[in-house]
Amino acid sequence: MENTGEDDRREPAATLRDAFSGEDIYAEDGSIRSDFLMYVGAAIADSDLLFLRRHVARLHESEMGDLLEAIQPEQRRKLVSLLGSDFDLAALTEVDEAIRLDIVEHLPSDQIAAAIGEMDSDDAVYILEDLDQADQEEILSKLSFTERVRLRRSLDYPESTAGRRMQTEFVAVPPFWTVGQTIDYMREDRDLPESFTQIFVIDPTFRLLGAVDLDRLLRAPRGTRIEAIMRETNHPIPAEMDQEEAAQLFEQYDLLSAAVVDENDRLVGVLTIDDVVDVIQEEAEEDLLRLGGVGDEELSDTTLDTVRSRAPWLLVNLLTAFIAASVISLFEATIEEIVALAVLMPIVAGMGGNAGSQTMTVTVRALATRNLDIHNAWRVVRREAGVGILHGVAFGMVIGVVAGFWFQSPDIGFVIAAAMLINMTAAALAGIAIPLFLDRAGADPAVSSAVFVTAVTDIVGFFAFLGIATWWFVIR
């Protein structure tokens, strides 16, 4: 008897894909398994909905995000199109902005609105905030009035603030309710957040009065009034507060969630630890990128976008390089007379640059985490100066001995050792002083410190080495 079932009509490649267990899509190094990527790519090419629904649609949103970043742009769009309503739009919160916009631009607004209506408000805002105003309004117009008001309120807050990061779904009750009333309310209300750890207490104007942790609520007798077991919320977060400052409060006070209030102390949302973890990761990545002078660059950016991002600071670096070169030109006669100086110059500048970068990195991070301020700045400056001097003495002696034997000249060894001491000390001082100065001036030290620290170490290193050499060999 002939079997005309769908499975028998499928291509051999599709049958082979079905053998994939799909238990773990990650390799030992944390990257997505190459065989899984191959199967997904083939399934997309063949429009194999059975495989995609069985092995891709089931993925957690973070796993889906990793998959979207690993495949080609054309495959992303077709994958999302093939999955349709089975695609979890929350996965777009796990990818960078360029990928998110590319996918959203190819989705119908009805599908986006339907998905956003099912999301937590913080995830919905994360997707909407990258869209043009007209696209935002089109999607918001398709939502219910309540959901539209909630999302617009979050979008009205500036970017990178607690108001943008907050979740507007929360549980709030009046202080005169009993524990029993509160528990019954939570059992019956279908619009509660998916997960929460505390209940907020508010007055009739929504002004925040306090909070009750769920474990305390469950241990109290049903007849106990909420105001009797609530605690004062010592750390409500203003909606206008920068998200990095909010994350520091979570770190300092070991918070799992915190109330977000407006300028009148009215409860408008809640910030949760999962969002704060994302903030910490984003801020750390941002600081690391800025230290390299690449701003908000992402892996999915185009070649032209990457060029525009990197070019300004490369131009500044070029100008400082000309300044360093002009210092070298002052000592042309000395270099022509003593060729060994040209060989050894890069060592002095390179060691100073590395030492300055070490101090600068520690300083910028301390400023970002607010561990360095006016009260302890002088102590840290003294420490870094001491570190620079000790490094200068130690490495100066090493390179002095090596250079002396290399060129059979103790004088050369003395000159480079002295220059090394001067430049390592200057590098340590520049590595802390420049970020501190830029921070006090209102500039972002993470963005602009590296170029200036490198310029200082190059200029001081060349001037010290060639200047001492000129005095020692020519003038003396």
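Residues numbered from 1 in each chain as written. Predicted model: local features only at pLDDT ≥ 70, side-chain atom pairs only at ≥ 80, totals over all residues. Heavy atoms only, no water.

S.K.: Which parts of the structure should I look at to understand the nonpolar core?
M.R.: The nonpolar side chains of a soluble globular protein tend to be buried with one another. Core analysis: the largest hydrophobic core is formed by 44 residues, its most contacted members being Val-56, Leu-67 and Ile-116. With five residues, the top contributor of residues to this core is helix H3 (residues 34–45). Beyond its immediate stretch of four places on either side in the chain, Ile-116 contacts Leu-89, Ala-124, Leu-128, Ile-139, Leu-143 and Leu-151. With 28 residues, the next largest nonpolar core counts Val-327, Ala-464, Ala-469 and Trp-472 among its residues. (Core = buried A, V, L, I, M, F, W, Y, C linked by side-chain atoms within 4.5 Å. Buried < 20%, exposed > 50% of the residue type's maximum accessible area, 1.4 Å probe, protein only. Helix = DSSP H or I, 4+ residues; strand = E, 2+ residues; numbered from the N terminus. Contact = heavy atoms within 4.5 Å.)

S.K.: What am I meant to see in the pairing of strand E3 (residues 208–213) here?
M.R.: In the case of a regular strand, side chains alternate between the two sheet surfaces. For strand E2 (residues 198–202) and E3, the ladder comprises five bridges, and the chain directions are antiparallel. Residue pairing in the sheet places Val-201 in a bridge with Gly-210 of E3. (Pairing = 2+ DSSP bridges.)

S.K.: Looking at this structure, how should I read helix H4 (residues 49–56)?
M.R.: Given 3.6 residues to a turn, an α-helix orients residues that are three or four positions apart in the same direction. Considered for burial, the residues of H4 that qualify are Phe-51, Leu-52, His-55 and Val-56. Along the long axis of H4, the arc covered by the buried residues comes to 95°, so they all point the same way. (Arc of directions from axis to C-beta.)

S.K.: Sorry, what's going on with the packing of aromatic side chains here?
M.R.: The description of two aromatic rings rests on the distance between their centres and on the angle between their planes. Applying the stated criterion across every chain yields a total of seven aromatic pairs. Ring geometry for Trp-177 versus Tyr-185: centroids 5.5 Å apart, planes at 75°, classification edge-to-face. A residue is classified by how much of its surface remains accessible, and Trp-177, at 22% relative accessible area, is partly exposed. On the basis of relative accessible area, Tyr-185 is assigned to the partly exposed category, the value being 25%. Three or more aromatic residues link up through ring pairs in this structure, and these residues are Phe-414, Trp-471 and Trp-472. (Phe/Tyr/Trp six-rings, centres within 6.5 Å; stacked < 30°, edge-to-face > 60°.)

S.K.: Is there a simple way to think about the packing of helix H20 (residues 340–368) against helix H23 (residues 445–475) in this case?
M.R.: Packing of H20 against H23 brings their axes to within 8 Å, and their N-to-C directions diverge by 150°. Here H23 runs roughly antiparallel to H20, going by the angle between their axes. For the pair H20 and H23, the sense of crossing is right-handed. Of the residues in H23, those in contact with Leu-341, Leu-344, Met-345, Val-348, Ala-349, Gly-352, Gly-353, Gly-356, Ser-357, Met-360, Val-364 and Leu-367 of H20 are Pro-445, Ala-446, Ser-449, Ala-450, Val-453, Thr-457, Asp-458, Gly-461, Phe-462, Phe-465, Leu-466 and Ala-469. Class assignment for the residues of the contact of H20 with H23 results in 16 nonpolar, seven polar and one charged. (Axes fitted to C-alpha atoms, helices over the stretch in contact; angles between N-to-C directions. Parallel < 35°, antiparallel > 145°, perpendicular 65-115°, else oblique. Left-handed = near helix turned anticlockwise from the far one by under 90°. Nonpolar A, V, L, I, M, F, W, Y, C, P; charged D, E, K, R; others polar.)

S.K.: Would you mind going over the confidence of the model for the chain with me for this structure?
M.R.: Detailed reading of the predicted coordinates is not advisable wherever pLDDT is low. Taken residue by residue, the chain gives an average pLDDT of 86. The fraction at 70 or more is 91%. Mean pLDDT in the chain bottoms out at helix H1 (residues 6–9), which sits at 45, and peaks at helix H15 (residues 226–229), which reaches 95. With pLDDT under 50 throughout, residues 1–10 is counted as low confidence; its partners more than four residues away or in other chains account for seven contacts. (pLDDT = per-residue confidence, 0-100.)

S.K.: When you look at the environment of Glu-74 in this model, what are you seeing that I'm missing?
M.R.: Mapping Glu-74 onto the fold places it in helix H6 (residues 73–83). By relative accessible area, Glu-74 is classed as exposed at 52%. Spatially, the C-alpha atom of Glu-74 lies 9.9 Å from that of Ile-103, the residues being 29 residues apart in sequence.

S.K.: I would appreciate a short explanation of a negative patch on the surface in the present structure.
M.R.: Taken together, Asp-66, Glu-69, Glu-94, Asp-274 and Asp-278 make up a surface patch of like negative charges. Within the residue set of the negative patch, elements represented by two or more residues are helix H5 (61–70) and helix H17 (273–291). Along the chain, Asp-274 falls in helix H17. Asp-274 sits in the partly exposed class, given a relative accessible area of 44%. (Patch = residues over 30% accessible without salt bridge, like charges linked within 9 Å, V, L, I, M, F, W, Y side chains within 5 Å. Areas by Shrake-Rupley, 256 points an atom, 1.4 Å probe, with all protein chains shown as cover. Salt bridge = Lys/Arg side-chain N within 4 Å of Asp/Glu carboxyl O. Lys, Arg positive; Asp, Glu negative; His and termini not counted. Charge placed at Lys NZ, Arg CZ, Asp CG, Glu CD.)

S.K.: Looking at this model, I keep getting lost on the layout of surface pockets. Mind explaining?
M.R.: Space left empty within the atom packing is revealed by a probe, the size of a water molecule, rolled over the atoms. Space inside the second largest pocket adds up to approximately 570 Å³. Residue lining of the second largest pocket: 24 residues in total, with Glu-244, Leu-367, Ala-368, Asp-439 and Pro-445 positioned closest to the centre. Every element with two or more residues in the lining of the second largest pocket is listed here: helix H16 (243–253), H17, H20, helix H22 (410–440) and H23. In the lining of the second largest pocket, the residues fall into 10 nonpolar, two polar and 12 charged. (1 Å grid on protein atoms, 1.4 Å probe; cavity = no way out; pocket = protein on both sides within 12 Å on 5 of 7 lines; lining within 4 Å. Points joined across faces, edges and corners; volume = space filled by probe spheres on them.)

S.K.: What is the right way to look at the environment of Ile-32 in this model?
M.R.: In this fold, Ile-32 is placed in the loop between helix H2 (12–18) and H3. Linking Ile-32 and Asp-66, residues 34 residues apart in sequence, is a C-alpha distance of 7.6 Å. Excluding its chain neighbours within four sequence positions, the residues that come into contact with Ile-32 are Ile-25, Tyr-26, Ala-27, Leu-37, Asp-66, Leu-67 and Ala-70.

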